[in-house]
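Report on the structure
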Amino acid sequence: MERIRNQEAYSRILREEIMPATGCTEPISIAYCAAKAHQVLGMQPTAVTVSVSGNILKNVKSVVVPNTNGLKGIRAAVAAGIICGDADKGMQVIGHVTDEQRASVANFLDTVHIDVSCAETSCPLYISITLYARTSYSRVVIANNHSNIVEIMKNGEAIVKRPIVAQSEDNLTDKSCMNLHDIVEYANNVDLDEVKDLLDMQIEYNMAICEEGLANDYGANIGKVLLTENVNDAKTVARAYAAAGSDARMSGCEMPVAILCGSGNQGITASVPIICYAKHYAIGTERMYRAMILSDLLTVYQKAGIGRLSAFCGAISAGCAAGAAIAYLLGGDETVVAHTLVNAIAMISGTICDGAKPSCAAKIAAAIDTGILGYQMYLHQQQFYRGDGIVAPNADETVRNIGRIASEGMVETDQTIISIMQQDCK
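Presented here is a report on the structure given in the accompanying data block. (Residues numbered from 1 in each chain as written. Predicted model: local features only at pLDDT ≥ 70, side-chain atom pairs only at ≥ 80, totals over all residues. Heavy atoms only, no water.)

A separate point is the overall build of the protein. A tally of helices and strands in the protein yields 16 helices and eight strands. Its C-alpha atoms give the protein a radius of gyration of 21 Å, near enough to 22 Å, the size a compact globule of 426 residues would have. In the protein, 76% of the contacts between residues at least 6 apart in sequence involve partners at least 24 apart. Accessible area of the protein: about 16700 Å², with a carbon and sulfur share of 48%. (Helix = DSSP H or I, 4+ residues; strand = E, 2+ residues; numbered from the N terminus. Rg over C-alpha atoms; globule rule 2.2 N^0.38 Å. Contact = heavy atoms within 4.5 Å. Areas by Shrake-Rupley, 256 points an atom, 1.4 Å probe, with all protein chains shown as cover.)

The contact between helix α13 (residues 334-348) and helix α15 (residues 395-409) brings their axes to 9 Å, and the two run at 30 degrees. Taken together, the axes of α13 and α15 are roughly parallel relative to one another. Considering only the axes of α13 and α15, their crossing is left-handed. Contacts from A338, L341, V342 and I345 of α13 reach α15 at A395, T398, V399 and I402. In terms of residue class, the contact of α13 with α15 is made up of seven nonpolar, one polar and no charged. (Axes fitted to C-alpha atoms, helices over the stretch in contact; angles between N-to-C directions. Parallel < 35°, antiparallel > 145°, perpendicular 65-115°, else oblique. Left-handed = near helix turned anticlockwise from the far one by under 90°. Nonpolar A, V, L, I, M, F, W, Y, C, P; charged D, E, K, R; others polar.)

Below, the discussion takes up a negative patch on the surface. Together, E8, D191, D193 and E194 give the surface a local cluster of negative charge. Its relative accessible area of 62% is what places D193 among the exposed residues. (Patch = residues over 30% accessible without salt bridge, like charges linked within 9 Å, V, L, I, M, F, W, Y side chains within 5 Å. Salt bridge = Lys/Arg side-chain N within 4 Å of Asp/Glu carboxyl O. Lys, Arg positive; Asp, Glu negative; His and termini not counted. Charge placed at Lys NZ, Arg CZ, Asp CG, Glu CD. Buried < 20%, exposed > 50% of the residue type's maximum accessible area, 1.4 Å probe, protein only.)

All right, on to the packing of aromatic side chains then. Here the structure, examined in full by the defined rule, presents three aromatic pairs. Here the aromatic rings of Y10 and Y186 are separated by 5.5 Å at their centres, their planes lie at 50 degrees, and the arrangement is tilted. Highlighted residues: Y10 in helix α1 (residues 2-17) and Y186 in helix α6 (residues 180-189), separated in sequence by 176 residues. Taking the relative accessible area as the measure of exposure, Y10 reaches 1% and is therefore buried. Considering the side-chain rings of Y132 and Y137, the 6.4 Å spacing of their centres and the 35 degrees angle between planes classify their relative orientation as tilted. Across the ring face of Y328, the terminal group of R287 is positioned such that the distance to the ring centre comes to 3.9 Å. (Phe/Tyr/Trp six-rings, centres within 6.5 Å; stacked < 30°, edge-to-face > 60°. Lys NZ or Arg CZ within 6 Å of the ring centre and 35° of its normal.)

Structure (structure tokens):
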């Protein structure tokens, strides 16, 4: 009975954490919040106030908002949500936009004042948007995860009002049940029909945007640069494809991505290397699916302790998970997975997140490289042991150590990064 409950929990977790999104998730979350406020107001606003947490500011500042003709930043995301947004489409809120609407976004920015401030909140993911028109106003607040609406107000009347809890997993399945042994068991035994639609979406969406990134000019073209090394090497191709997907996504590509833990970069990093390796080694679809499940869940497991937004780069967690999943794909058992994960965590943990931007692609490439190096170490009977820095007696305790470093130890680092980026905005 306990095993059945755990399997059901893992299936729910995958359904909650893997979803389609168009564009970088922080500006899209702002656009969703604005679109919802517009839907509630029922008319075009004449003034807007926006209050966001520092981590939202950090992740919106430098990325292009899709379907805005190359505009960046919080105001562009708000305007896109109001003018083009369909709040009923969630994280694909501005996925389908007409040329006329694109032009109207720029006009809205020219004619409507949007006041933006940094909220005084301990909640890393917080967005509050208030729209004003004549004597009416509406306010929508999102907290803790990217589509988690905790407040909807219209003219002083609460339509939705929930307390903001100090927990990034608010309104989601409790992840305290997660551990490496059960994750491997689930990947080995789950009926694939339960989650096949999610995996197929990851393959379709994430590979398509990676191919787009390699075909055209985006960001610093990290994917293309990597492919100049060796187009016949599985590791190089895996790194290049994943980096190219981020190249495109950070630069405003309008193609959807299957996000993971609220991040498209994490969704790409956790899935694309496994798909590339399976293709290179002609590994069957079932084994590939199970390796993707393992990578997704190992990413979620690490991120549960770290939090959705922090100073700890989430692509690093996904890259370490991808390395462990590649080990599994190539025949490794639970022991191999555990050693690969610990080796990778020991090498690259602590890479900072200084916002969503083109250089994320390079961090993704480095994370995947390290994840695979963790596996190569195991193959050569090399590993990091307890006492090597943050390495604990087992993989689960090592993952918990990473959670502590990010959620406790890097708080001041996060504040310093945000302060630097706010100064840069002046």
